[in-house]
Amino acid sequence: MAHAITLNFSNPNQTGLWLSVAFMFGILKCAEENSKFKKIIFFLLDIMLLPLIIKTLSRNSLISILFVGILIVYGKIFRKKKLPKFFIYLIILFPLIFCFLYLLLINTPFAENFSFLIGEGKSLTSRLSIWNFALEQFLKHPIIGNYSEIMFYGNGVAQFHNTGIA
């Protein structure tokens, strides 16, 4: 199994986060740009970023890119400039919903359906302890969160890629 790249970030997930955000801004710029030349430039830059994102082995980054791509295609097909309010609320609440579903389903036979997501050092339960802790912190501090505790959960290692859950 190949090792994930970090590009001098503290971990591959953080690398993937930064690269995927750059990628998504490039996609957005490509979709909004009127000049065909500029569209091609942004598209080519994104094509060059994609192999790096894949090499981070960051599942969250790849899922985020796929999701943004689907939203852009939806906007282009249906010529929508705005998303319905319900959909925006769903997007905002999705990390919390996903966390609850993950915690409910991870110890059931249904979880075996997601075995294709298992990678080197990334079991399906690899987020279980941090997300349980994050959820506890969210329930204690539902309005402002408790990012300082969550960020350094465990051995004092920054968990920036997990802070979105709580």
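Right above here is the structure, for reference.
We now turn to the structure provided with this report. (Residues numbered from 1 in each chain as written. Predicted model: local features only at pLDDT ≥ 70, side-chain atom pairs only at ≥ 80, totals over all residues. Heavy atoms only, no water.)

## Notes on the packing of helix H1 (residues 12–32) against helix H3 (residues 59–77)
- Relative orientation of the contacting elements H1 and H3 amounts to 10°, with a least axis distance of 9 Å. As far as their axial angle goes, H3 and H1 are roughly parallel. You can see that H1 and H3 cross each other, and the crossing is right-handed. Across from Gly 16, Leu 17, Ser 20, Phe 23, Met 24, Ile 27, Leu 28 and Ala 31 in H1, the residues of H3 making contact are Ser 61, Ser 64, Ile 65, Val 68, Ile 72 and Lys 76.
- Here the contact of H1 with H3 is built from residues that sort into nine nonpolar, four polar and one charged. (Axes fitted to C-alpha atoms, helices over the stretch in contact; angles between N-to-C directions. Helix = DSSP H or I, 4+ residues; strand = E, 2+ residues; numbered from the N terminus. Parallel < 35°, antiparallel > 145°, perpendicular 65-115°, else oblique. Left-handed = near helix turned anticlockwise from the far one by under 90°. Contact = heavy atoms within 4.5 Å. Nonpolar A, V, L, I, M, F, W, Y, C, P; charged D, E, K, R; others polar.)

## What about helix H5 (residues 128–140)?
- The end-to-end C-alpha distance of H5, which contains 13 residues, comes to 18 Å, matching closely the 18 Å that a straight helix rising 1.5 Å per residue would cover.
- Of the residues making up H5, those classed as buried are Ile 130, Trp 131, Phe 133, Ala 134, Leu 135 and Gln 137. (Expected span 1.5 Å × (residues − 1). Buried < 20%, exposed > 50% of the residue type's maximum accessible area, 1.4 Å probe, protein only.)

## Some details on the nonpolar core
- Listed in full, the 10 residues of the largest apolar core are Leu 19, Phe 23, Met 24, Ile 27, Ala 31, Leu 49, Ile 53, Ile 65, Val 68 and Ile 72.
- The element best represented in this core is H1, accounting for five residues.
- Core analysis: the next-biggest nonpolar cluster, separate from the first, contains eight residues, Leu 96, Cys 99, Tyr 102 and Leu 103 among them. (Core = buried A, V, L, I, M, F, W, Y, C linked by side-chain atoms within 4.5 Å.)

## Observations regarding the side chain of Ser 61
- On the secondary structure map, Ser 61 appears in helix H3.
- Assessed through its relative accessible area of 3%, Ser 61 is described here as buried.
- Look past the residues within four positions of Ser 61 in its chain and what remains in contact with it is Gly 16, Leu 17, Ser 20 and Ile 53.

## With respect to helix H4 (residues 85–105)
- Compared with the 30 Å implied by 1.5 Å per residue over 21 residues, the 28 Å span of H4 between its first and last C-alpha is a close match.
- The largest bend along H4 reaches roughly 55° and is located at Leu 93, with the proline Pro 95 sitting one to four residues downstream.
- Residues Leu 96, Cys 99, Tyr 102 and Leu 103 constitute the buried set of H4.
- Those residues of H4 that are buried are in contact with H5. (Bend = angle between axes of the 7 residues up to and from the residue.)

## Some points on the packing of H1 against helix H2 (residues 36–55)
- The contact between H1 and H2 brings their axes to 9 Å, and the two run at 160°. Here H1 lies roughly antiparallel to H2, going by the angle between them. H2 is crossed by H1, and the crossing has left-handed handedness. Mapping the contact onto sequence places Leu 19, Ser 20, Ala 22, Phe 23, Gly 26, Ile 27, Lys 29, Cys 30 and Ala 31 in H1 and Lys 39, Phe 42, Phe 43, Asp 46, Leu 49, Leu 50, Leu 52 and Ile 53 in H2.
- A breakdown of the residues in the contact of H1 with H2 according to their chemical character gives 12 nonpolar, two polar and three charged.

## Concerning the pattern of salt bridges
- If you walk through the whole model with that rule in mind, you get one salt bridge.
- Ionic pairing is found between Glu 33 and Lys 29, a salt bridge with its closest N-O pair at 3.5 Å.
- Note on Glu 33: relative accessible area 14%, which makes it buried. (Salt bridge = Lys/Arg side-chain N within 4 Å of Asp/Glu carboxyl O.)

## A word on the layout of surface pockets
- Its volume calculated, the second largest pocket comes out at about 670 Å³.
- Where the lining of the second largest pocket is concerned, the elements lending two or more residues are H1, H3 and H4.
- Counting residues per element, the lining of the second largest pocket draws most heavily on H3, at six residues.
- A class-by-class count of the residues in the lining of the second largest pocket yields 11 nonpolar, one polar and six charged. (1 Å grid on protein atoms, 1.4 Å probe; cavity = no way out; pocket = protein on both sides within 12 Å on 5 of 7 lines; lining within 4 Å. Points joined across faces, edges and corners; volume = space filled by probe spheres on them.)

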